[in-house]
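# Descriptive analysis of the structure
What follows is each chain in one-letter form.
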Amino acid sequence: GAGVSQTPSNKVTEKGKYVELRCDPISGHTALYWYRQSLGQGPEFLIYFQGTGAADDSGLPNDRFFAVRPEGSVSTLKIQRTERGDSAVYLCASSFLGGAYEQFFGPGTRLTVL
Amino acid sequence: EDQVTQSPEALRLQEGESSSLNCSYTVSGLRGLFWYRQDPGKGPEFLFTLYSAGEEKEKERLKATLTKKESFLHITAPKPEDSATYLCAGDYGGSQGNLIFGKGTKLSVKP
């Protein structure tokens, strides 16, 4: 497919466990974003990659959250020692260059921490 | 603090009943105003980007407009398939385009 894909679509884990969420952006898009969306809220920015580097990680809530994009394409969001408050839909978006170019979103990963 | 506020939170319309959704935004530093549509269980789908006051863009039954402090999404003669949550977002250039979203307006169109 030509769109942004995210896996898994759903993830249920126990408090304290480690999880990885994957994002496969649109081919050729250099900018990649992670957002988190809680029920009834708009998406909230977490981190932005331009190529392989994290250009802005100011939205990451604490040091339990980390993301990588080693080859400038696929990205993985990693959450250590999960807490119940981490439960949300994690959205990934990609953009041709970043900046004012529109962002195309994936379907999201619904994370539930029991 | 940059802020985007949407109203109403929810809107119920009859099929064919035109209306508008509102998005108020912090003016300072805005580079672009985005509208997205989000269906349940899916990611937001891009609709429009507006850059300057007075600008208008249309797509089928939707028209987005921008003033100096607000944006409106006008829906003309809506159909049930227009039912979704509509999100407004501001690009304040903080990091090359991370968007600040409002909470959205949930639109329901009844046949």
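Notes on the structure follow. Quantities reported herein were computed from a predicted structural model and do not represent experimental measurements.

### A short note on the overall build of chain B
Within chain B, the regular secondary structure consists of zero helices and eleven strands. Overall, chain B shows an N-to-C arrangement of helices and strands of β-β-β-β-β-β-β-β-β-β-β. For chain B, the C-alpha radius of gyration of 13 Å lies close to 13 Å, the compact-globule estimate for 111 residues. Counting only C-alpha atoms, chain B reaches 40 × 30 × 20 Å along its principal axes. Looking at the 111 residues of chain B, the share that counts as buried comes to 48%. Within chain B, contacts between residues at least 6 apart in sequence are counted, and of these 55% link residues at least 24 apart.

### Some words on the state of the cysteines
Residue and element names in this part refer to chain B. The final tally for this structure, using the stated rule, is two disulfides over all chains. Put simply, C23 and C88 are joined by a disulfide, and their sulfur atoms are 1.9 Å apart. Because the sign of the S-S torsion sets the handedness, a value of about -60° for the bond joining C23 and C88 places this disulfide among the left-handed ones. One end of the pair, C23, is in strand β3 (residues 19–25); the other, C88, is in strand β9 (residues 84–91), with 65 residues separating them in the sequence. Residue class for C23 comes out buried when judged on its relative accessible area of 0%.

### Focus: the sheet that holds strand β8 (residues 70–75) of chain B
Residues and elements named next belong to chain B. Pairing in this open sheet of five strands is antiparallel, and the strands run β1-β3-β8-β7-β6 from one edge to the other. Of all the strands in the sheet, just β1 (4–7) and β6 (56–59) have a single pairing partner and so form its edges. When strand polarity is set aside, the average angle formed by the axes of neighbouring strands in this sheet is 15°. As paired elements, β6 and strand β7 (residues 62–66) share four bridges and run antiparallel to each other. Counterpart to K57 in the pairing with β7 is A64.

### Quick notes on unusual backbone geometry
Each neighbour pair has its own omega, and for T7 of chain A with P8 of chain A the value is -10°, a cis peptide bond. Mapped onto the elements, P8 of chain A comes out in the loop between β1 (5–7) and β2 (10–13). Residue P8 of chain B is reached from S7 of chain B by a cis peptide bond, and omega for that bond is -10°. By the secondary structure assignment, P8 of chain B is in the loop between β1 and β2 (10–14). The phi dihedral of E60 of chain B is positive, around 55°, even though this residue is not glycine. Tracing the sequence through the fold places E60 of chain B in the loop between β6 and β7. One non-glycine residue, A77 of chain B, lies in positive phi territory at about 50°. Relative to the elements of secondary structure, A77 of chain B occurs in the loop between β8 and β9.

### What about the side chain of D56 of chain A?
Within the fold, D56 of chain A resides in strand β6 (residues 53–56). One buried charge, D56 of chain A, has no salt-bridge partner; the nearest side chain with opposite charge is R31 of chain B, at 10 Å. At a separation of 2.7 Å, a polar atom in the side chain of D56 of chain A contacts the side chain of S58 of chain A.

Rules used throughout
Residues numbered from 1 in each chain as written. Chains lettered and ligands numbered in written order. Predicted model: local features only at pLDDT ≥ 70, side-chain atom pairs only at ≥ 80, totals over all residues. Heavy atoms only, no water. Helix = DSSP H or I, 4+ residues; strand = E, 2+ residues; numbered from the N terminus. Rg over C-alpha atoms; globule rule 2.2 N^0.38 Å. Buried < 20%, exposed > 50% of the residue type's maximum accessible area, 1.4 Å probe, protein only. Contact = heavy atoms within 4.5 Å. Disulfide = S-S within 2.5 Å. Pairing = 2+ DSSP bridges. Axes fitted to C-alpha atoms, helices over the stretch in contact; angles between N-to-C directions. Lys, Arg positive; Asp, Glu negative; His and termini not counted. Salt bridge = Lys/Arg side-chain N within 4 Å of Asp/Glu carboxyl O. Polar contact = N/O pair within 3.5 Å; in protein donor to acceptor, adjacent residues only side chain to side chain.

Read these as geometric descriptors, not functional statements.
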